[in-house]
Every structure is written in C-alpha cells, then in structure tokens.
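Chains, contacts and geometry: an overview
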Amino acid sequence: MYKNRISPAVIRRLPKYYYYLQELENDNIEKISSKELSEITGFTASQIRQDLNHFGGFGQQGYGYRVGDLKESIREIIGLNKGYNVIIVGYGHIGKAIYNYKGFETKKFNVLSVFDKEAKTDEKSGLEVKSIEELGAFLDNNDVDILVLTVPKESANDIVEIVKDKNIKGIWNFAPTALSSDINIPIENILLSESLYALIYYMGNPDQYE
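First, a word on what this report is: a plain description of the structure on this page. (Residues numbered from 1 in each chain as written. Predicted model: local features only at pLDDT ≥ 70, side-chain atom pairs only at ≥ 80, totals over all residues. Heavy atoms only, no water.)

Across its full length, the protein chain carries nine helices and nine strands. Overall, the protein chain is about 60 × 40 × 40 Å in size when its C-alpha atoms are taken along their principal axes. Counting all 210 residues of the protein chain, 34% fall into the buried class. In the protein chain, of all internal contacts separated by at least 6 residues, the share reaching a separation of at least 24 is 57%. Summed over all atoms, the accessible surface of the protein chain reaches about 13,600 Å², with 48% contributed by carbon and sulfur. (Helix = DSSP H or I, 4+ residues; strand = E, 2+ residues; numbered from the N terminus. Buried < 20%, exposed > 50% of the residue type's maximum accessible area, 1.4 Å probe, protein only. Contact = heavy atoms within 4.5 Å. Areas by Shrake-Rupley, 256 points an atom, 1.4 Å probe, with all protein chains shown as cover.)

Take a look at the structure:
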C-alpha cells in the first residue's frame with residue numbers, strides 16, 4: 001500500500017505505459033528515455049517522470065529506463081503478477097464477448113463460472129451457464145476476486161444485493177447504471193455510451209485530445 005493517495009488520472013495512465021512497454025520489449029528495445037516514451041505515449045516527459053515517481057525511483061539520469069525492468073515494475077504495481085478468479089453475471093452479447101476475450105488467458109484471469117437469468121448451455125461453445133439463483137451458494141463455496149456484471153439496468157442492483165456480503169474484491173460493471181453505494185469494494189463502471197460521446201467530442205475538437 002502507498003502512504004499517499006495516488007490520483008485516479010495517474011492510475012489510468014499506468015496500463016497505457018504497460019502496454020507501450022510491452023510493445024517496446026517485443027521489438028527488442030532495451031532502454032528508453034522519458035522523452036522517447038513521451039513521443040510514443042503522447043504524455044509529456046515531465047508527466048511520465050512525475051507519474052513514475054509516485055511509486056519509487058525508476059531509471060537513471062542520462063540513461064533513461066530499462067524497458068524490461070520498468071515493464072515488470074508497472075506490472076507489479078498494477079497487480080498483474082497475480083492470478084484472479086472471475087465470474088461473469090449476465091450472458092448476453094457483452095457477457096459472451098468478455099468470456100471469449102483472450103486477455104483473460106494471457107493476464108491470468110480465470111473465469112470460474114458464468115451466470116444468467118436461467119441455466120442453459122451455449123450451443124456454440126458448450127459452456128454450461130448457471131442460473132442466477134445459484135449465485136449466492138456459488139460465492140459461499142468459491143474464492144472469487146472479480147465479478148463482471150453485464151446484466152440489464154433493472155437487474156444490476158438486485159445482483160449487488162446478492163453479492164454485497166460475500167467475499168468479492170471488486171466489480172467490473174458494464175450495466176448502464178450506478179450501483180448501490182453501500183457496497184464497500186472497488187467498482188469500475190464501464191459506460192460504453194460515455195466513451196462514445198467523448199470520442200464524438202474529440203472528433204469535433206481534435207486540438208483538445210491528448
């Protein structure tokens with residue numbers, strides 16, 4: 001844990017640094033300066049140095065950063081050096097897309113089970129989808145880190161009521177609604193329309209895009 005609170009803006013830049021450092025490592029680039037990293041990421045060199053300084057000393061003056069070392073350090077800061085057990089609640093278009101997302105395999109995300117309004121078998125994949133009525137008992141008997149919520153708006157807070165006293169560590173919420181505020185775990189709300197509207201704004205105001 002870090003003594004000082006880290007700005008959400010800094011936290012959201014870390015995955016971008018990690019992604020670009022992965023690309024550099026794949027291209028066999030061993031070192032990079034903050035100026036060169038700035039040219040790749042679009043962030044200023046000063047911003048990059050300030051962001052990284054929140055987490056300790058990285059790089060050497062006059063040398064820059066060792067790409068592999070910095071990538072591994074950011075990987076540990078984010079928490080990608082660990083494995084996570086995941087369940088998906090809601091098996092519509094978004095739920096299916098997330099279940100089939102290859103990033104779960106490469107980043108150690110283990111999907112334990114999938115739930116929907118009714119139990120069923122996915123004819124295409126053969127996946128056995130459990131009924132939401134089984135969710136509470138499943139959580140009592142399994143160690144789940146992340147709940148991916150992809151149910152309709154009207155069902156989202158009903159699911160929260162089921163899981164709020166269970167040992168879930170975080171919710172990745174794709175439901176188009178704010179979840180109940182009395183659940184004391186991290187919630188990442190993915191509002192697809194919000195992202196689209198921001199894109200449209202930047203299309204009309206490209207000088208404000210960074």
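There is more to say after this.
Here we come to the pattern of salt bridges. A complete count under the given rule lists ten salt bridges for this structure. For Glu-72, the salt bridge goes to Arg-75, with nearest N and O atoms at 3.4 Å. Separated by three residues within a single helix, Glu-72 and Arg-75 lie in helix α4 (residues 67–78), roughly one turn from each other. Residues Asp-143 and Lys-169 are paired through a salt bridge, measuring 3.7 Å at the closest nitrogen-oxygen approach. (Salt bridge = Lys/Arg side-chain N within 4 Å of Asp/Glu carboxyl O.)

The strand order across the open sheet formed by seven strands is β5-β6-β4-β3-β7-β8-β9, and the pairing between neighbours is mixed. Pairing within the sheet leaves two strands with one partner each, and these edge strands are β5 (120–121) and β9 (187–189). Relative to strand β6 (residues 128–131), strand β4 (residues 109–116) is paired through two bridges, and the arrangement is parallel. Opposite Asp-116, over in β6, you have Ser-131 as the bridge partner. (Pairing = 2+ DSSP bridges.)

Throughout the structure, instances matching the rule amount to seven aromatic pairs. Here Phe-115 and Phe-138 contribute two aromatic rings whose centre-to-centre distance is 5.3 Å and whose plane-to-plane angle is 75°, an arrangement assigned as edge-to-face. Of this pair, Phe-115 sits in strand β4 while Phe-138 is found in helix α7 (residues 135–141), placing the two residues 23 residues apart along the sequence. According to the relative accessible area criterion, Phe-115 is buried, its value standing at 0%. For Phe-138, a relative accessible area of 12% puts it in the buried group. With a centroid separation of 4.8 Å and an interplanar angle of 65°, the aromatic rings of Trp-172 and Phe-174 are classed as edge-to-face. (Phe/Tyr/Trp six-rings, centres within 6.5 Å; stacked < 30°, edge-to-face > 60°.)

In this model helix α1 (residues 8–26) runs 28 Å from its N-terminal to its C-terminal C-alpha over 19 residues, within 8% of the 27 Å that 1.5 Å per residue would give. All of the buried residues in α1 are Val-10, Arg-13, Leu-14, Tyr-17, Tyr-18, Leu-21 and Leu-24. Turning to α1, the residues buried within the fold contact β1 (31–32), α2 (34–41), α3 (45–53) and α4. Sitting at the amino-terminal end of α1 is Ser-7, which places a side-chain oxygen 3.2 Å from the backbone nitrogen of Ala-9. Positive backbone phi, approximately 65°, marks Asn-28, located one or two places after α1. (Expected span 1.5 Å × (residues − 1). Polar contact = N/O pair within 3.5 Å; in protein donor to acceptor, adjacent residues only side chain to side chain.)

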